[in-house]
There are 4 protein chains.
Amino acid sequence: MTQNTSTKVHVGILGATGFTGRELMGLLMRHSEVEVDWLGSESQAGCPYDGVYPQFLNQIPRGVNILVPESEVRDTIPDLVFSCLPHGASARLIAPFLKNGKTRVIDLSADFRIRDKIAYEKAYGSHGLPEWADKGEYGLCELNRQAIKNTRLLANPGCYPTSVLLPLIPLLRGGIIAASGIIVDAKSGVSGAGKKATDTTHYLNCNESVAAYKVGDQHRHLAEMEEQLALASGEKVSLLFTPHLMPMERGILSTIYCDLSSGKGEDEAEACLAKAYSQEPFVHLRSDFPRTGDVSNTNHCHIKAYQPKGSRKLILVSVIDNMVKGASGQALQNMNLMFGLNPVTGLL
Amino acid sequence: MTQNTSTKVHVGILGATGFTGRELMGLLMRHSEVEVDWLGSESQAGCPYDGVYPQFLNQIPRGVNILVPESEVRDTIPDLVFSCLPHGASARLIAPFLKNGKTRVIDLSADFRIRDKIAYEKAYGSHGLPEWADKGEYGLCELNRQAIKNTRLLANPGCYPTSVLLPLIPLLRGGIIAASGIIVDAKSGVSGAGKKATDTTHYLNCNESVAAYKVGDQHRHLAEMEEQLALASGEKVSLLFTPHLMPMERGILSTIYCDLSSGKGEDEAEACLAKAYSQEPFVHLRSDFPRTGDVSNTNHCHIKAYQPKGSRKLILVSVIDNMVKGASGQALQNMNLMFGLNPVTGLL
Amino acid sequence: MTQNTSTKVHVGILGATGFTGRELMGLLMRHSEVEVDWLGSESQAGCPYDGVYPQFLNQIPRGVNILVPESEVRDTIPDLVFSCLPHGASARLIAPFLKNGKTRVIDLSADFRIRDKIAYEKAYGSHGLPEWADKGEYGLCELNRQAIKNTRLLANPGCYPTSVLLPLIPLLRGGIIAASGIIVDAKSGVSGAGKKATDTTHYLNCNESVAAYKVGDQHRHLAEMEEQLALASGEKVSLLFTPHLMPMERGILSTIYCDLSSGKGEDEAEACLAKAYSQEPFVHLRSDFPRTGDVSNTNHCHIKAYQPKGSRKLILVSVIDNMVKGASGQALQNMNLMFGLNPVTGLL
Amino acid sequence: MTQNTSTKVHVGILGATGFTGRELMGLLMRHSEVEVDWLGSESQAGCPYDGVYPQFLNQIPRGVNILVPESEVRDTIPDLVFSCLPHGASARLIAPFLKNGKTRVIDLSADFRIRDKIAYEKAYGSHGLPEWADKGEYGLCELNRQAIKNTRLLANPGCYPTSVLLPLIPLLRGGIIAASGIIVDAKSGVSGAGKKATDTTHYLNCNESVAAYKVGDQHRHLAEMEEQLALASGEKVSLLFTPHLMPMERGILSTIYCDLSSGKGEDEAEACLAKAYSQEPFVHLRSDFPRTGDVSNTNHCHIKAYQPKGSRKLILVSVIDNMVKGASGQALQNMNLMFGLNPVTGLL
């Protein structure tokens, strides 16, 4: 993050004090083409950002370091606003920027990820900005590049969906697997539960324990995944999805069980994924099974496909860092794409 | 563990220095009806046990504390020998005790868990004691009680199988679920990987990372589970089984996806499990989804059954402590049963 | 914990839902001479205890399992009340039991640990039960046995003080070390920070990080330690004490730097400690340096004394489990002593 | 790390497969002015580096990715060789590069950190390259900048010494504290114990446990610290130094107890440190006490000085990431200085 140069992309961050805000700032510090204009916070306005997160001590220009109330920045016109706010609040607070006709928006909340109104409302309630509810482009860079380049409103994918859609979409598009009967068993680090101190995030409830939660049909990310998978397969998709909380800070591993199409097997699956991703800087096929530690603090997704002997099932294992490729890194990757920058700048 | 009383059950432990040996000794310390006669070790014979595991400092009578080579105890005739040795070595070293016609044996290795010779050899190679290979009783206490009471050779179940069979067997016996198409996605702590220092057990490879391993059809415990499930269902069973290594010491959580039989649902599944386990001191049905932390350092298994809305799948989540109910605690539970002791002694 | 037997010690637990309450219940489950009459809770009265802590599912008699408001038990007369309440609240709520002239009390809070009124008030504010403020016996079992046996009001020591006083008091009494210039650098697991969800106990603030807090002269346990050390040495003692928060659930390791008295060295220190503790079931001298893991989930304290070559300093390293020997286990040890029970019952 | 540009600094890495090698490569990936020519390894020559560390999958040019035996690179003449080898081996294998008269060397081992021959040999045995044994410049960038700029042989400081010397040297130079009686109680993550699988690094021995080791006068880093402190103070210095192993991957927190000079106090200490570091990009004074998590994965050192009320002691708390500022990050910082590059390139 360098300052004082007018040719940089000028950005503001709404909800900068949450975990995705912190992660995003950490990445932006390394990005040579960005200038952060302001850091917004509702609850900690007036506080120094490096007081909230001492990792930034003396790293941020003084004027930027003091958190500004989000009500005060609504009339600024940065090139780009990142929203790290919760769903609902996000739609309301990015409205002024969408309306100024110039600022582009990358929304890390769920507000614009689901175009189907009924599905959105079932998962998240009534929408905070109905007139834009179906205007966002879904920001899975590798699979939606053209639309992302030109959008003013980018819906950054959820963490679980990123880990699930990257392996599944090419296989569905290629007819390698069936759209029905897919089971996703996902494992996530605690950072996904957010910054708020709750019983769920208490050290003694997370440490040395694994828990299943929102089992089967209960997690909000289901609607997002099912919509994208339906778009890829051309038919309605119903997933079973069981997330688990792991005793670690970051990382998602998704183990995906699906049915191979007639005549298809592991080789076809690998070839299909290789074709989709061999030129991609951030998605990689593995010859062995990946660990989440292999991608910690990176924007990479590693995938392995495996067909058990004598079975017609295909098992996919994918890993990402939920805070980077699953949130802020992917947001930066989208920014690079939207502003015509080098795809890997800030993400090495 | 009290000493000097001849009415106690006199026991010896083969392979006392491994993790299951340590866990077993910790439990035996609290058991009022047992007297440990000797602790055997091949690699550390002559060393004090409380030097290997300082948690036992000054807790074990001096004569017992010094580890004895297993070659020297073969002519002793304790009431019971626990074998905490690896498979193969276990069968060979318990042979003298089986042959003395008096000593009973609880084998924590895999050597006598699988009666089908071909399945055993495929998983573990040639058997170390072929004449006894199909003579062990499978020690899942709650589901095989009568046979366990009278056996001289008890095959203590594997950790993963314990967590999988306790929820599945009653449902298969009761016709609630189908025997085909079962998928088990299991998560285990690192203690399951054993005491040996390897790349797998290096702190930096385990900590802050989740890994899938032996995916789908590759884990040795599959043969054990498939044999027991076939016995319960009366038909051949093929599982998909994917274990994962978690950044924690102990605990297994198994998430099991299976097909409900026609006309059956979550209610029937719960009723079936309640009938099987309502009088059991160590298996409990939960109304919410369990965490492994709920059963850490206990011999309990907690189970939750759930049918997603609109789905014909049943999702089962079970948790155990892999070192206790999945190994040494279950061994003690079997000992209590074999010797007519109070079922919960030493296990509270 | 067995029931229905009138010769058992009948106990009630105030503040049963905190971490020390949970730990105490876990230990009492294994104690053959105790019957729990009631479990008290202000905030969760009416809830089942095994709903708060599922580890107890189906383990506690139904009538005991439902948490009772502490206002409703004030007229019961159990043989013993354990108070696991915070300081201040503890003194107020145990008052009725002290006043009934029969019930004995073991207070796990700080309320009766410090007899010096000024020191108490400086650390904790005004006392909740002034007429009893100097009537508690300090419950460091090994070093205050006679007084503990007969007291009606037992002040259970703090976790840090237990780990510091056990090594220091015999050495001060024996004149081996100087009373001045002692530095304690202590490391604790997160359970010491209590059950409340706060920024301090958030997983992401604890995990993968070590922090110093209340450095040097700021921690409340200082007053407790200084009073006890002054009693042992016969002179005023000023410690420097720096606690640190470790990324683990339980355990305290205290590294203590002190000056050897003229003519004394490591040998005299070891001999002094051996004399004090060789007959004790729960305090042990180590020949190597202990890890907190060596005493996890036990009531043991391990100590090592070391004099660096060419130095007149003695370095002591002691480890305990802060929740057991540093809290609930020591409380049970005190109960055994107060009621003439076997010292190790419930603590193996 | 970009390639194909001759004006870059061309570097080779000896011992690339150890943890410091991995960390260094991770940092070099982000450095715009460096081109890696080869990665050396004795034990894994011929293997792909991204097979050893999958985090680098598809990130390293093919020719560089295959590890080369160190015997084959001795005649190459890169601008700079980093040695991540163990002491002893390091001196031997960098000899050819020192002798070619052109290549500069940054040695991350201990081989050139200690100029005093007797002190070196006592800690590490006989030297592998005696004629260069006292020719290295000690690479504590902030405090030895001029000498570093021009050296051909840079001795990169140890991890513990970095955390101890950064706070202490300015205070000793400034006469704020006494050179005698300093006690350092340090806490380190497990990465400091290296890549080798041993009982020490086994997950079950590290996790959920804190251990003191090499207590008081036993750690090899003592000689390095005492030499540097003697240079700063002009008098012989004897430290007491007790390192502790923490259940975390990375980070060192050093708690340092020292005596204030007559007339000096916390204010003078803070002013002295502020003067030394206010212009430094990587050393920062804190107003509160730092956590190691505040500097994880960064090259920063955070320091807090505190004088307890009524005491003449000064307590210093410093934190670094042992793998970055304590090893590979500081090596990169030294490279930037030696080659006249921007001090923060690759370290944001």
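Structure's up top.
Residues numbered from 1 in each chain as written. Chains lettered and ligands numbered in written order. Predicted model: local features only at pLDDT ≥ 70, side-chain atom pairs only at ≥ 80, totals over all residues. Heavy atoms only, no water.

Asks: Quick one: what's the story with the overall build of chain A, residue by residue and with numbers?
Replies: Check the secondary structure of chain A and you find eleven helices and 13 strands. A globule of 348 residues ought to have a C-alpha radius of gyration of about 20 Å, and chain A, at 20 Å, matches this closely. For chain A, the spread of C-alpha atoms along the principal axes amounts to about 65 × 45 × 40 Å. With 348 residues in all, chain A has 64% of them scored as buried. (Helix = DSSP H or I, 4+ residues; strand = E, 2+ residues; numbered from the N terminus. Rg over C-alpha atoms; globule rule 2.2 N^0.38 Å. Buried < 20%, exposed > 50% of the residue type's maximum accessible area, 1.4 Å probe, protein only.)

Asks: Describe the sheet that holds strand β9 (residues 240–245) of chain D, with residues and values.
Replies: All names here are of chain D. Sheet architecture is open: seven strands sit in the order β8-β9-β7-β10-β13-β12-β11, paired in mixed fashion. Strand pairing shows two members of the sheet lacking a second neighbour, β8 (211–212) and β11 (283–285), which therefore form its edges. Relative to strand β10 (residues 252–259), helix α7 (residues 159–173) is tilted by about 35°, and along the sheet it contacts β7 (183–188), β9, β10, β11, β12 (301–306) and β13 (313–320). (Pairing = 2+ DSSP bridges. Contact = heavy atoms within 4.5 Å. Axes fitted to C-alpha atoms, helices over the stretch in contact; angles between N-to-C directions.)

Asks: How would you sum up the relation of the copies chain B and chain A? Please name residues and give values.
Replies: Note on the identical chains: chain B maps onto chain A by a rotation of 180° and an axial translation of 0.0 Å, with an RMSD of 0.0 Å. The transformation relating the two chain copies, once decomposed into turn and shift, fits a two-fold axis. Closest approach to the rotation axis among the C-alpha atoms of chain B is made by Pro 247 of chain B, whose C-alpha sits 3.1 Å away. Most of the interface of chain B is mirrored in chain A, where 100% of its interface residues again form contacts. (Least-squares fit on C-alpha atoms with pLDDT ≥ 70 in both.)

Asks: Can you break down the packing of helix α7 (residues 159–173) of chain A against helix α9 (residues 221–233) of chain A residue by residue, with the values?
Replies: All names here are of chain A. Relative orientation of the contacting elements α7 and α9 amounts to 15°, with a least axis distance of 9 Å. Of the possible angle classes, the one that applies to α7 and α9 is roughly parallel. At the point where α7 passes α9, the crossing takes the right-handed sense. Side by side, α7 and α9 meet where Cys 159, Tyr 160, Pro 161, Val 164, Leu 165, Leu 168, Ile 169, Leu 172 and Arg 173 of the first sit next to His 221, Glu 224, Met 225, Gln 228, Leu 229, Ala 232 and Ser 233 of the second. Classifying every residue of the contact of α7 with α9 gives eleven nonpolar, three polar and two charged. (Parallel < 35°, antiparallel > 145°, perpendicular 65-115°, else oblique. Left-handed = near helix turned anticlockwise from the far one by under 90°. Nonpolar A, V, L, I, M, F, W, Y, C, P; charged D, E, K, R; others polar.)

Asks: Give me unusual backbone geometry: which residues, what numbers.
Replies: Phi is mostly negative for residues that are not glycine, and the peptide bonds are mostly trans. For Asn 297 of chain A, which is not glycine, the phi torsion reads 60° and is therefore positive. Examined against the element boundaries, Asn 297 of chain A turns out to sit in the loop between β11 (283–285) and β12 (301–306).

Asks: A description of the pairing of β12 of chain D should follow, citing residues and the corresponding values.
Replies: All names here are of chain D. For β12, the buried fraction is high: six of the six residues fall into the buried class. Neither face of β12 is exposed, since Cys 301, Ile 303 and Ala 305 on one face and His 302, Lys 304 and Tyr 306 on the opposite face are all buried. Bridge analysis of β11 against β12 gives three bridges, and the strand direction is parallel. Counted as the bridge partner of Leu 285 is Ile 303 from β12. One ladder, built from five bridges, connects β12 with β13; its direction is antiparallel. Paired with Lys 304 across the two strands is Val 317, which belongs to β13. In this structure, the hairpin formed by β12 and β13 is closed by a connection of six residues, where Gly 310 is found at a positive phi of approximately 75°.

Asks: Hey, could you go over the interface of chain D and chain C for me, with residue numbers and the actual values?
Replies: With 39 residues of chain D in contact, the opposing surface of chain C contributes 39 residues. A combined buried area of about 3,000 Å² lies between chain D and chain C, and 60% of that area is made up of carbon and sulfur atoms. Our enumeration of links across chain D and chain C arrives at two salt bridges. Here Asp 185 of chain D ties to Lys 187 of chain C by a salt bridge, and the two come within 2.9 Å at their closest N and O atoms. The set of elements that each furnish at least two residues to the side of chain D that touches chain C consists of β7, α8 (203–206), β8, β9, β10 and β13 of chain D. Element by element, the count of residues in the side of chain D that touches chain C is highest for β7 of chain D, at four residues. For the side of chain D that touches chain C, the residue count by class is 19 nonpolar, eleven polar and nine charged. (Buried area = accessible area lost by both parts, 1.4 Å probe. Salt bridge = Lys/Arg side-chain N within 4 Å of Asp/Glu carboxyl O.)

Asks: Let's hear about the environment of Ala 178 of chain A: which residues, and what values?
Replies: Residue and element names in this part refer to chain A. Along the chain, the position of Ala 178 falls in the loop between α7 and β7 (183–188). By relative accessible area, Ala 178 is classed as partly exposed at 25%. Residues within four places of Ala 178 in sequence aside, it is in contact with Leu 172, Asp 259 and Ser 261.

Asks: Could you give an account of the sheet that holds strand β5 (residues 137–138) of chain B, with specific residues and numbers?
Replies: Residue and element names in this part refer to chain B. Taken together, the six strands give an open sheet; going across it, the order is β2-β1-β3-β4-β6-β5, and neighbouring strands pair in parallel fashion. Two strands close off the open sheet at either side, each with one partner strand: β2 (34–39) and β5. In terms of strand pairing, β5 meets strand β6 (residues 153–155) through two bridges, oriented parallel. Bridge assignment links Glu 137 to a residue of β6, and that residue is Leu 154. Seen against the sheet, helix α11 (residues 324–338) touches β2, β3 (80–83), β4 (104–107) and β6 and runs at an angle of roughly 155° to β4.

Asks: Any details on the relation of the copies chain D and chain C? Residues and values, ideally.
Replies: At an RMSD of 0.0 Å, chain D and chain C line up after a rotation of 180° and a shift of 0.0 Å along the axis. Taken together, the interface assignments show that 100% of the residues at the interface of chain D recur at the interface of chain C, consistent with an identical surface on both copies.

Asks: Explain the interface of chain B and chain A to me, using residue names and the numbers behind them.
Replies: A common way to report how large an interface is uses the accessible area buried once the components associate. At the interface, 39 residues of chain B touch 39 residues of chain A. For the pair chain B and chain A, the summed buried surface comes to about 3,000 Å²; carbon and sulfur atoms form 60% of the total. Three residues, Glu 208, Val 210 and Arg 291 of chain B, lead the burial of chain B against chain A; their summed loss comes to 19% of the area buried on that side. Counting every contact that joins chain B to chain A gives 28 residue pairs in polar contact (both at pLDDT 80 or more). Of all elements in the fold, only β7 (183–188), α8 (203–206), β8 (211–212), β9 (240–245), β10 (252–259) and β13 (313–320) of chain B reach the threshold of two or more residues within the side of chain B that touches chain A. (Polar contact = N/O pair within 3.5 Å; in protein donor to acceptor, adjacent residues only side chain to side chain.)

Asks: Can you explain helix α4 (residues 89–99) of chain C? Please cite residues and give values.
Replies: Two residues of an α-helix separated by three or four positions point the same way, owing to the 3.6 residues in each turn. All names here are of chain C. Taken across its eleven residues, α4 has eight buried, putting it largely inside the fold. Against the buried residues of α4 lie β1 (9–14), β2 (34–39), β3 (80–83), β4 (104–107) and β6 (153–155). Two residues or fewer past α4, Gly 101 is found with a positive phi of approximately 75°.

Asks: Can you tell me about the pattern of salt bridges, naming the residues and giving the values?
Replies: This model, assessed by the stated rule, comprises 72 salt bridges over all chains. In this structure, the salt-bridge partner of Arg 115 of chain C is Glu 137 of chain C, at a minimum N-O distance of 3.3 Å. Here Glu 137 of chain C lies in strand β5 (residues 137–138) and Arg 115 of chain C lies in the loop between β4 and α5 (117–124), a separation of 22 residues in the sequence. A relative accessible area of 41% means that Arg 115 of chain C is categorised as partly exposed. Residues joined by salt bridges that share partners form a network here, namely Glu 23, Glu 249, Arg 250 and Asp 321 of chain A.

Asks: Could you give an account of the environment of Gly 216 of chain B, naming the residues involved and the relevant values?
Replies: As for its placement among the helices and strands, Gly 216 of chain B is situated in the loop between β8 and α9 (221–233). Under the relative-accessibility criterion, Gly 216 of chain B is labelled buried at 0%. Distance in space between the C-alpha atoms of Gly 216 of chain B and Asp 79 of chain B is 41 Å, their sequence separation being 137 residues. Not counting chain neighbours up to four residues away, the residues in contact with Gly 216 of chain B comprise Pro 308 and Ile 315 of chain A together with Leu 222, Leu 239, Leu 240, Phe 241 and Thr 242 of chain B.

Asks: An account of the side chain of Glu 227 of chain D is needed here, citing residue identities and associated values.
Replies: All names here are of chain D. Along the chain, Glu 227 falls in helix α9 (residues 221–233). Side-chain polar atoms of Glu 227 contact the backbone nitrogen of Asp 116, separated by 3.0 Å. Other than its neighbours up to four places away in sequence, Glu 227 contacts Arg 113, Ile 114, Arg 115 and Asp 116.

Asks: Outline the packing of aromatic side chains, listing residues and values.
Replies: Two aromatic rings, taken as a pair, are described by how far apart their centres are and by the angle between their planes. In total, this model carries 26 aromatic pairs over all chains according to the counting rule given. Considering the side-chain rings of Tyr 160 of chain D and Phe 241 of chain D, the 5.1 Å spacing of their centres and the 75° angle between planes classify their relative orientation as edge-to-face. Residue Tyr 160 of chain D is found in helix α7, and its partner Phe 241 of chain D is found in strand β9; the two are separated by 81 residues along the sequence. Note on Phe 241 of chain D: relative accessible area 0%, which makes it buried. Members of the aromatic cluster, connected to one another through ring pairs, are Tyr 49, Tyr 53 and Phe 56 of chain A. (Phe/Tyr/Trp six-rings, centres within 6.5 Å; stacked < 30°, edge-to-face > 60°.)

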